[in-house]
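Take a look at the letters that make up each chain.
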Amino acid sequence: MAGIGFELKKVFRTGSILAAVRGYSLAAVVTEGPMVLMILLLAALRGLMTAAGAPYREREQFLFLMTYEMIFSLLASGTVLLFADRFISDCIYQRRARDILPSFFGLVFFLLLAGAPAAWAYLCTLPLGPGLRLAALLLFCALLAVWVQMSYLSAVKRYGLVVLGFAAGAAAALAVTFGLLRAGAGALDAAVWGMALGFLALLFLYMGQLLRCYPLGGWNLLGFFPALERYRGLLLTGLLLGLGLYGHNFVFWGSEYRVRVFDTGVYCARYDVPAFFATLTIVPMLVQFVVGLETRFAPRHRAYFDAVLYGGRLEDIRAAKTEMQAVLYAELAHMMQMQLIVSIAAAAFLGNYLQTVGLDETMAGTFRLLCFGYCLYGLVKCGIVMLLYFDDRAGACRAAGLFAALSLGGSALSLAPGPDAWGLGFVLAGAACAVWVLRRLHRYLDELEYHVFCRQPLLEVPRRGVLCRAEQMAARADRAFAQRREPVETHRE
């Protein structure tokens with residue numbers, strides 16, 4: 001999450017053990033806090049439904065709806081988040097803060113324009129009442145906006161508010177659900193409406209913070225189109241990375257092992273449940289990556305480019321690069337060593353524990369395999385982030401595409417041997433893509449001087465694509481509207 005590095009540097013400055021504990025705790029809360037709160041919220045809502053006497057069928061439908069809402073909202077919003085992060089960074093660096101908030105409205109507008117009709121069309125295929133369909137649609141739209149809002153808030157170091165706001169939204173969802181249950185509403189309707197109104201409250205809370213953090217700017221919702229013309233590969237990278245993460249689940253949803261909740265609504269509990277628990281095991285890895293990147297690698301990265309930008313000698317530039325590479329490889333190695341220990345411990349001990357709380361032996365075996373699969377996925381994701389750190393957008397896109405293809409293909413092939421091989425395709429996909437990403441990163445860093453000095457354009461070539469022309473037309477309309485409004489406001493004064 002952008003911005004957390006500033007706080008982590010202050011926490012780790014003393015070098016004490018207590019500071020290290022505080023720093024890792026801060027990184028864990030900020031980066032994984034919303035995910036943990038979401039898990040607790042769903043568990044609490046399901047508990048409320050059980051206490052209200054909801055049958056198993058309704059509780060299953062609730063989890064099905066929430067699973068689809070979360071996965072597809074994250075998949076859709078994840079398509080634009082890499083681009084949004086880059087656009088915000090460019091605007092801050094170029095002192096164009098007035099362009100940031102219009103870009104948020106524009107991105108959310110186009111996400112809703114594409115996502116809301118598709119979600120409504122799918123919901124109409126489910127045997128749900130109109131009120132429940134409306135609640136599910138409202139929740140999906142709110143989630144699309146909230147995921148984008150979290151990115152914009154984290155860019156200005158409002159990461160504490162992200163977590164606190166999420167806690168407030170979860171509390172609102174529980175309160176609304178409890179109130180509706182007491183008023184006599186059906187358990188499923190109460191839980192879905194509680195989620196929808198809770199996230200709607202979170203959306204307005206985050207929106208108030210965004211309006212405080214960024215200047216209002218103009219009303220040109222296409223202002224980010226020229227940047228999109230330049231960085232459109234980031235959209236594909238985000239989409240492919242999401243497909244790689246969720247694609248193996250989709251394969252099992254289409255297999256003979258799926259469970260039908262509705263005629264057009266399926267999932268595969270025998271695979272999805274082990275995958276859910278295995279996902280949680282990479283939290284330590286992601287926390288370690290954030291801490292290592294922001295507190296140890298970022299200063300070396302800054303020192304290297306300071307030497308490039310401010311007249312350093314060639315010897316100084318090469319020495320700074322050597323030190324930067326050494327720190328990067330050391331952090332990646334330390335991160336993987338720690339995560340391998342966590343994965344081995346989870347496979348050995350947590351797998352046995354899960355068998356005592358409902359997982360059968362086959363599901364426990366799938367969990368053990370997926371522990372290592374998600375470990376390798378974490379390495380792939382961190383490698384892609386590092387490629388983007390050095391602006392290797394082509395390499396990041398190829399890595400995401402390779403991972404998506406191997407995850408889908410490997411998972412499909414793992415269906416043939418039977419349940420004992422489930423998860424093996426995801427493991428092999430992660431291993432192959434991790435090797436490719438690390439080789440690409442190593443080769444790119446070896447040729448870093450070439451990329452820095454020789455591949456940059458001497459003159460900026462103006463872009464004349466369709467997106468740029470659309471933005472220019474919208475900008476002219478925005479200026480004309482402002483000119484017409486100015487005399488009216490002057491006359492009123």
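Residues numbered from 1 in each chain as written. Predicted model: local features only at pLDDT ≥ 70, side-chain atom pairs only at ≥ 80, totals over all residues. Heavy atoms only, no water.

Applying the stated rule across the entire model yields two cavities of 30 Å³ or more. Size it by volume and the largest cavity reaches roughly 70 Å³. Forming the boundary of the largest cavity are Gln288, Phe289, Gly292, Leu293, Phe297, Leu328, Glu331, Leu332, Met335 and Met386. Counting residues per element, the ones that place at least two in the lining of the largest cavity are α10 (283–309) and α11 (314–356). Broken down by element, the residue count for the lining of the largest cavity peaks at five residues, all from α10. (1 Å grid on protein atoms, 1.4 Å probe; cavity = no way out; pocket = protein on both sides within 12 Å on 5 of 7 lines; lining within 4 Å. Points joined across faces, edges and corners; volume = space filled by probe spheres on them. Helix = DSSP H or I, 4+ residues; strand = E, 2+ residues; numbered from the N terminus.)

Attention now goes to the side chain of Ser407. Mapped onto the fold, Ser407 is located in helix α13 (residues 393–414). Setting aside residues no more than four positions away along its own chain, Ser407 makes contact with Gly244, His248, Phe426 and Ala429. (Contact = heavy atoms within 4.5 Å.)

A few words now on the nonpolar core. Counting residues in each nonpolar core, the largest one holds 140 residues, and the members touching the most others are Phe62, Phe83, Tyr152, Met195, Phe199, Tyr374 and Phe390. Looking at this core, the element that brings in the most residues is helix α5 (residues 130–154), giving 17 residues. The residues touching Tyr374, leaving out its near neighbours within four places in the chain, are Leu245, His248, Asn249, Ala275, Ala278, Thr279, Ile282 and Phe426. (Core = buried A, V, L, I, M, F, W, Y, C linked by side-chain atoms within 4.5 Å. Buried < 20%, exposed > 50% of the residue type's maximum accessible area, 1.4 Å probe, protein only.)

Bringing the confidence of the model for the chain into the picture now. When the pLDDT values of the chain are averaged, the result is 83; 84% of them are 70 or greater. Per-element confidence in the chain ranges from a low mean pLDDT of 47 for helix α1 (residues 4–12) to a high of 94 for α13. Taken as a whole, residues 1–9 scores under 50 in pLDDT and shows 31 contacts with residues more than four places along the chain or in a different chain. (pLDDT = per-residue confidence, 0-100.)

Located in the positive-phi region is Arg95, a residue other than glycine, with phi close to 55 degrees. The class of Arg95 is exposed, set by a relative accessible area of 78%. Of note in the backbone geometry, Asp391 takes a positive phi value of approximately 65 degrees without being a glycine. Inspection of the secondary structure assignment puts Asp391 in the loop between α12 (361–389) and α13. With a relative accessible area of 34%, Asp391 lands in the partly exposed category.

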